[in-house]
Amino acid sequence: MSIPTLLLHPYQHFLNSLRIPSPRLHCILHSGLSGPPGAGKSTFIEYFGKMLTERGHRLSVLAVDPSSCTSGGSLLGDKTRMIELSRDMNAYIRPSPTSGTLGGVTRTTNEAILLCEGGGYDIILIETVGVGQSEFAVADMVDMFVLLLPPAGGDELQGIKRGIIEMADLVVITKSDGDLVVPARRIQAEYVSALKLLRRRSGVWRPKVIRISARSGEGISEMWDAMREFQQVMLASGELTTKRQKQQRVWMWNLIQENILEHFKTQPGIREQIPLMERKVLSGALSPGLAADLLLKAFKSKP
Ligand SMILES: Nc1nc2c(ncn2[C@@H]2O[C@H](COP(=O)(O)OP(=O)(O)OP(=O)(O)O)[C@@H](O)[C@H]2O)c(=O)[nH]1
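A few points on the structure. Just so we're clear, the structure is a prediction, and the values are computed from it rather than from any experiment. (Residues numbered from 1 in each chain as written. Predicted model: local features only at pLDDT ≥ 70, side-chain atom pairs only at ≥ 80, totals over all residues. Heavy atoms only, no water.)

Some remarks on the overall build of the chain
The secondary structure content of the chain amounts to twelve helices and seven strands. Within the chain, the fraction of its 303 residues that count as buried is 45%. For the chain, contacts bridging at least 24 residues in sequence account for 75% of all contacts bridging at least 6. Counting every atom, the chain has about 16,200 Å² of accessible surface; 58% of that belongs to carbon and sulfur. (Helix = DSSP H or I, 4+ residues; strand = E, 2+ residues; numbered from the N terminus. Buried < 20%, exposed > 50% of the residue type's maximum accessible area, 1.4 Å probe, protein only. Contact = heavy atoms within 4.5 Å. Areas by Shrake-Rupley, 256 points an atom, 1.4 Å probe, with all protein chains shown as cover.)

Following this line, the structure appears as structure tokens:
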């Protein structure tokens, strides 16, 4: 069946025309950057971004802020962040969208990645704050997932889920300067051991743990080397291409799922029955399975 192209929005036609031919793959790197609030993400991006533009790259920083979905606020769009980089002609910083569901926000981010590629940005960083599902969503859109952690122990890192550490291709211990060098070394050693115990996601890449300081600049050039090494190794093995293909499929299905669910929940005749069915399930009058069957049957019988 052919795609009903006439039904696509003109903007979607434009996005479709931006399909990146595979020979260009080698010069574009998407990387997700995540870490708890205060980990030093914006200070790092400012330093790292300037280093990259000085080396002739064009960099785009896209922010995903899950808190904006519920509060309407835009933590990451704050103009005081990355002041110098935002003035750099070879850098483009897109603040987080200020409203919408996580699905909607991540969809626009996904499409913004395509637009940035089409616009000639060869490095795209997607930044998230380490709370909730957004890091997982972002990890599913990027070539490489980088986790930034401050040199702090236990309590401060409580919000970081074990699952997200498993997603990391690179763990970066930030603020490794002055009095913080010793704790940073200790955390680095802890994560090196922890990563050995985790299931490996790639057959060719073993996640690394690197210490950096955005104040002294130490480790940042090495971190960039590690990112490029990741890309080369993943490209040479074919894993990067496969990963991108899988991501495209996952995104298509995520969007279908989200749309169908929305359609189901808002369908006249179903919408009114949902609260009633929920109450019956809560009171034990109906089993969840039976309630779902009844609602789905009613939905399917709609013209
Ligand atoms: N010593 C030291 N402090 C740093 C370094 N990088 C950031 N900081 C400090 O850590 C604090 C948090 O840094 P940010 O860059 O704002 O952290 P963030 O992760 O972007 O924080 P959110 O905006 O809350 O998500 C600031 O006071 C920075 O000055 C570093 O390399 N060394």
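What about the nonpolar core?
Core analysis: the biggest nonpolar cluster contains 31 residues, and Phe-44, Phe-48, Val-146, Leu-170, Met-223 and Met-227 have the highest contact counts within it. Mapped by element, the contributors of at least two residues to this core are strand 1 (29-35), helix 2 (41-54), strand 2 (59-64), strand 4 (123-129), strand 5 (144-149), strand 6 (170-173) and helix 9 (220-237). The element that contributes the greatest number of residues to this core is helix 9, accounting for seven residues. For Phe-48, the residues in contact, after removing those within four places along its chain, are Leu-125, Ile-220, Trp-224 and Met-227. (Core = buried A, V, L, I, M, F, W, Y, C linked by side-chain atoms within 4.5 Å.)

Considering the pairing of strand 6
Burial along strand 6 is two-sided: Leu-170 and Val-172 facing one way and Val-171 and Ile-173 facing the other are all buried. Both strand 5 and strand 6 contribute to a ladder of four bridges, which runs parallel. Residue Val-146 lies in a different strand from strand 6, and its bridge partner there is Leu-170. Examined bridge by bridge, strand 6 and strand 7 (residues 208-211) share four bridges and lie parallel to one another. When the sheet's bridge partners are listed, Val-172 is paired in strand 7 with Ile-210. (Pairing = 2+ DSSP bridges.)

Structural notes on the site of the ligand
Every one of the 14 residues lining the ligand counts as a neighbour, but Lys-41, Ser-42, Thr-43, Asp-177 and Ala-214 are closest to it. Within the contact set of the ligand, an oxygen atom lies 3.1 Å away from a backbone nitrogen or oxygen of Ala-39. Residue composition of the shell around the ligand, by class: four nonpolar, five polar and five charged. (Near = heavy atom within 4 Å. Polar contact = N/O pair within 3.5 Å; in protein donor to acceptor, adjacent residues only side chain to side chain. Nonpolar A, V, L, I, M, F, W, Y, C, P; charged D, E, K, R; others polar.)

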